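Here is what each chain is made of, one letter per residue.
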Amino acid sequence: MRNTEEIWHLVDAKKDAFIELSDRVWGMPELLYTEFRSCAEHVDMLEKQGFRVTKEVAGIPTAIMGEAGDEGPVIAFLGEYDALPGLSQEAGVAEPRPVEAGGHGHGCGHNLLGAAALLAATALKDHLEKNGLKARVRYYGCPAEEGGAAKTFMVRAGAFKDVDAAITWHPFAWAGVQEADSLAMTRIDFSFTGRSSHAAAAPHLGRSALDAIELMNVGVNYMREHMPSDARIHYAYLNAGGIAPNVVQGEAKVRYAVRAHTLHEMFALIERVKKIAQGAALMTETSVDIKVLSATANLMGNGPLEQAMQNNFDRLGPVPFDDADREFARKIQATLTPQAISSNYNRSGFRPRTDEALCEGIQPPIAERTGTPMLGSTDVGDVSWVVPTVQASGATLAVGTPAHSWQWTAQGKMPAAHKGMVHVAKVMAGTAVDLIDQPEVLAAAKADLAARTAATPYVCPIPEDVAPPLKMAAGG
Ligand SMILES: [Zn+2]
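Structural notes, computed from the coordinates.

What counts and how
For every chain, the first residue of its written sequence is number 1, and the numbers climb from 1 along that sequence. Per-residue local features of the predicted model are confined to residues with pLDDT of at least 70, and side-chain atom pairs are confined, for both listing and counting, to 80 or more; whole-chain, interface and lining totals are unaffected and use all residues. Excluding hydrogens and water, the side-chain values take into account all heavy atoms of the structure. Here a salt bridge means any side-chain nitrogen of Lys or Arg lying within 4 Å of a carboxyl oxygen belonging to Asp or Glu. Each helix is a run of H or I in the DSSP string that is no shorter than four residues. Each strand is a run of E no shorter than two, and both are numbered from the N terminus. Exposure categories follow from relative accessible area, calculated using a 1.4 Å probe and restricted to protein chains: below 20% of the type maximum is buried, above 50% is exposed, and the middle band is partly exposed. Residue contacts are counted whenever heavy atoms from the two residues lie within 4.5 Å of one another. When the centres of two rings from Phe, Tyr and Trp lie within 6.5 Å, Trp using its six-membered ring, the rings pair. Their planes under 30 degrees apart give stacked, over 60 give edge-to-face, and anything left gives tilted. The span you would expect from a helix comes to 1.5 Å times its residue count less one. We treat two strands as partners when DSSP finds at least two bridges between them. To obtain each axis, a line is fitted to C-alpha atoms, and for helices this fit is confined to the stretch in contact; angles are then taken between N-to-C directions over 0 to 180 degrees. Throughout this description, a polar contact denotes any pair of N or O atoms lying within 3.5 Å of each other; where both atoms belong to protein, one of them has to be capable of donating a hydrogen while the other can accept it, and for residues adjacent in sequence the pair is counted only when both atoms sit in side chains. Only nitrogen, oxygen and sulfur atoms count as donors, using a 2.8 Å cut-off from the metal that widens to 3.2 Å for Na, K and Ca. Water is left out, so coordination shells may look unfilled.

**Brief notes about the pattern of salt bridges**
A side chain with one charge can pair with a side chain of the opposite charge if their charged atoms come near.
And then number 1: Within the structure shown, the criterion is met by 26 salt bridges.
And then number 2: A salt bridge links Glu67 to Arg52, with the shortest nitrogen-to-oxygen separation between them at 3.3 Å. Taken together, the residues Glu67 in strand β2 (residues 64-68) and Arg52 in strand β1 (residues 52-54) connect sequence positions 15 residues apart.
And then number 3: For Arg52, a relative accessible area of 42% corresponds to the partly exposed category.
And then number 4: Note that Asp162 and Arg138 form a salt bridge whose closest N and O atoms lie 2.8 Å from each other. Of this pair, Asp162 sits in the loop between α4 (150-156) and β5 (165-172) while Arg138 is found in strand β4 (residues 136-142), placing the two residues 24 residues apart along the sequence.
And then number 5: Assessed through its relative accessible area of 37%, Asp162 is described here as partly exposed.
And then number 6: Each of Arg52, Glu67, Asp70, Arg138 and Asp162 takes part in salt bridges that share partners, so that together they form one network.

This is the structure in structure tokens:
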């Protein structure tokens with residue numbers, strides 16, 4: 001307990017500067033792979049705190065790594081700082097009011113995510129120095145979580161290969177260890193090429209790329225009956241071949257997102273989708289070019305690390321929200337449907353206590369929870385296949401707040417968000433201290449990961465020849 005209390009004090013001693021960092025990043029929302037100002041803010045802070053900084057990790061201009069310490073186990077904290085399009089919103093108001101119409105906004109709280117992870121790394125650095133401990137601490141500033149899968153590219157480049165444990169978090173309504181439930185996902189573009197011709201004068205000479213996509217979608221929709229029930233497939237037309245119905249569409253392009261419960265189930269499903277695309281090309285006498293854009297693995301849980309983090313949540317207790325925090329959270333809840341709020345409660349593992357607008361406790365251990373976790377995809381998944389990884393859920397906003405919403409942006413620099421961010425930094429830093437104090441837990445975490453991946457080793461879901469989509473935010 002002595003070390004735990006010390007690390008909490010070290011977090012508190014520096015929290016103000018990191019809250020300001022979070023607020024500054026909130027105020028400069030930048031999309032995937034264009035987080036130049038936000039990344040520079042993180043570099044500044046790393047340098048101020050005495051970390052050795054590596055820039056352009058994996059050749060990505062906005063990916064950074066800060067390190068301190070020379071020998072011993074490597075404990076990494078993962079941070080993010082990318083924002084989302086169209087979610088510009090003033091802070092502290094419970095109605096939609098963009099700062100800039102159509103502008104970007106931190107609708108997923110990554111301003112808090114990066115700042116708290118860096119705060120935890122700094123507190124651990126201070127703790128190691130104060131006690132002369134042999135361990136290395138790293139902070140990875142990871143861009144483009146939203147749609148860019150930067151961490152997957154960083155894993156592919158070997159950026160985490162000597163890391164012993166990785167710790168991260170995400171802002172949500174709940175304080176607790178996050179379940180490792182996410183879907184592996186691949187985004188793939190299918191570009192069909194046929195032959196254009198006048199649809200009335202020479203229809204027999206045309207070969208329609210648009211027809212090919214329609215047939216492909218029909219084929220995939222028939223496949224849905226015969227795929228695992230927790231797999232997901234979505235598609236969107238990127239190019240429907242033009243706006244003239246009297247011209248046979250010579251070119252057309254569709255983007256698919258294929259998700260499955262595990263990496264290897266996803267690989268199998270992708271092969272089936274590709275066969276359907278090739279079948280559609282065969283039927284229409286067109287050709288198809290298939291290109292993976294980005295991909296992420298599913299999250300791998302880690303029993304020993306989850307237990308270590310749970311212990312830290314239990315020691316620390318709930319986030320110290322006050323009545324003003326609760327009042328604003330209730331105003332946000334007034335903009336949500338009762339169903340959104342109650343389904344969020346049901347997922348939390350708490351018994352429904354719908355009178356509470358903020359998380360006033362700590363979620364029970366994962367094994368004791370009921371309800372279905374939310375299914376999404378994250379590039380933390382790839383890190384978790386190669387390094388024992390644990391994620392916290394930090395309580396920073398009102399129960400029921402939908403992800404990627406103006407309500408999320410509006411709460412991103414409120415006192416409740418700051419309290420939740422400092423709270424989770426204490427939990428993450430405390431977990432790291434325990435791993436350094438108890439090498440047997442770190443060894444158990446490694447054995448746990450080895451056992452989980454023994455039968456199905458990690459295969460990077462992004463092909464070797466695919467580079468990070470650095471121009472994606474500009475539509476490239
Ligand atoms: Zn997020």
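**A closer look at the side chain of Arg369**
And then number 1: With respect to the helices and strands, Arg369 occurs in the loop between α9 (338-348) and α10 (380-386).
And then number 2: Residue class for Arg369 comes out buried when judged on its relative accessible area of 11%.
And then number 3: Apart from residues no more than four positions distant in its own chain, Arg369 is found in contact with Gly176, Val177, Glu179, Ser348, Gly349, Gln363 and Pro364.

**Quick look at the packing of aromatic side chains**
And then number 1: Evaluated as defined, the whole model comprises 6 aromatic pairs.
And then number 2: Consider the rings of Phe172 and Trp408, whose centres lie 6.2 Å apart with planes at 80 degrees: the pair is edge-to-face. Of this pair, Phe172 sits in strand β5 while Trp408 sits in helix α11 (residues 406-410); the two residues are 236 residues apart in sequence, bridging distant segments of the chain.
And then number 3: Seen in terms of ring centroids, Trp174 and Tyr345 are 5.4 Å apart; in terms of plane orientation they differ by 65 degrees. Their pairing is edge-to-face. Here Tyr345 lies in helix α9 and Trp174 lies in the loop between β5 and β6 (176-177), a separation of 171 residues in the sequence. Each member of the pair, Trp174 as well as Tyr345, carries the same accessibility label: buried.

**What to know about helix α2 (residues 36-48)**
And then number 1: Along its 13 residues, α2 runs 18 Å from first to last C-alpha, staying within 8% of the 18 Å computed at 1.5 Å per residue.
And then number 2: Among the residues of α2, those classed as buried are Ser38, Cys39, Glu41, His42, Val43, Met45 and Leu46.
And then number 3: Directly after α2, the chain includes Gly50, whose backbone phi takes a positive value near 85 degrees.

**Some words on the sheet that holds strand β9 (residues 251-260)**
And then number 1: Spatial strand order, β8-β9-β7-β10: 4 strands in an open sheet with antiparallel pairing. Each end of this open sheet is capped by a strand with a single partner; those strands are β8 (232-239) and β10 (287-296). Neighbour-to-neighbour, the strand axes of the sheet open up by a mean angle of 20 degrees, direction not taken into account.
And then number 2: Along the sheet, helix α5 (residues 209-223) makes contact with β7 (184-193), β8 and β9, crossing β9 at roughly 20 degrees.
And then number 3: Strands in contact with helix α6 (residues 263-284) are β7, β8, β9 and β10; relative to β7, the strand with the most contacts, it is inclined by about 10 degrees.

**Some remarks on the side chain of Gln407**
And then number 1: Along the chain, the position of Gln407 falls in helix α11.
And then number 2: In this structure the side chain of Gln407 is engaged in a polar contact, spanning 3.4 Å, whose partner is the side chain of Trp406.
And then number 3: Every residue in contact with Gln407, bar those within four places of it in the chain, is listed here: Ile332, Thr335, Leu336 and Thr401.

**Considerations on the environment of Val466**
And then number 1: Mapped onto the fold, Val466 is located in the segment after α13 (439-453).
And then number 2: Separated by 180 residues in the primary sequence, Val466 and Thr286 have C-alpha atoms spaced 24 Å apart.

**Observations concerning the environment of Leu215**
And then number 1: As for its position among the elements, Leu215 is in helix α5.
And then number 2: Using a relative accessible area of 34% as the deciding quantity, one classes Leu215 as partly exposed.
And then number 3: Each C-alpha atom of the pair Leu215 and Ala280 lies 5.6 Å from the other, and the pair is 65 residues apart in sequence.

**Description of the coordination of the zinc ion**
And then number 1: Taken together, the protein ligands of the zinc ion are Cys108 (SG), His110 (NE2) and His170 (NE2), with distances of 2.1 to 2.3 Å.
And then number 2: Mapped onto the polypeptide sequence, the residues donating to the zinc ion form the spacing pattern C-x1-H-x59-H. Pair noted here: Cys108 is in the loop between β3 (74-80) and α3 (110-131) and His170 is in strand β5, with a separation of 62 residues, a long-range link.
And then number 3: For His170, a relative accessible area of 11% puts it in the buried group.

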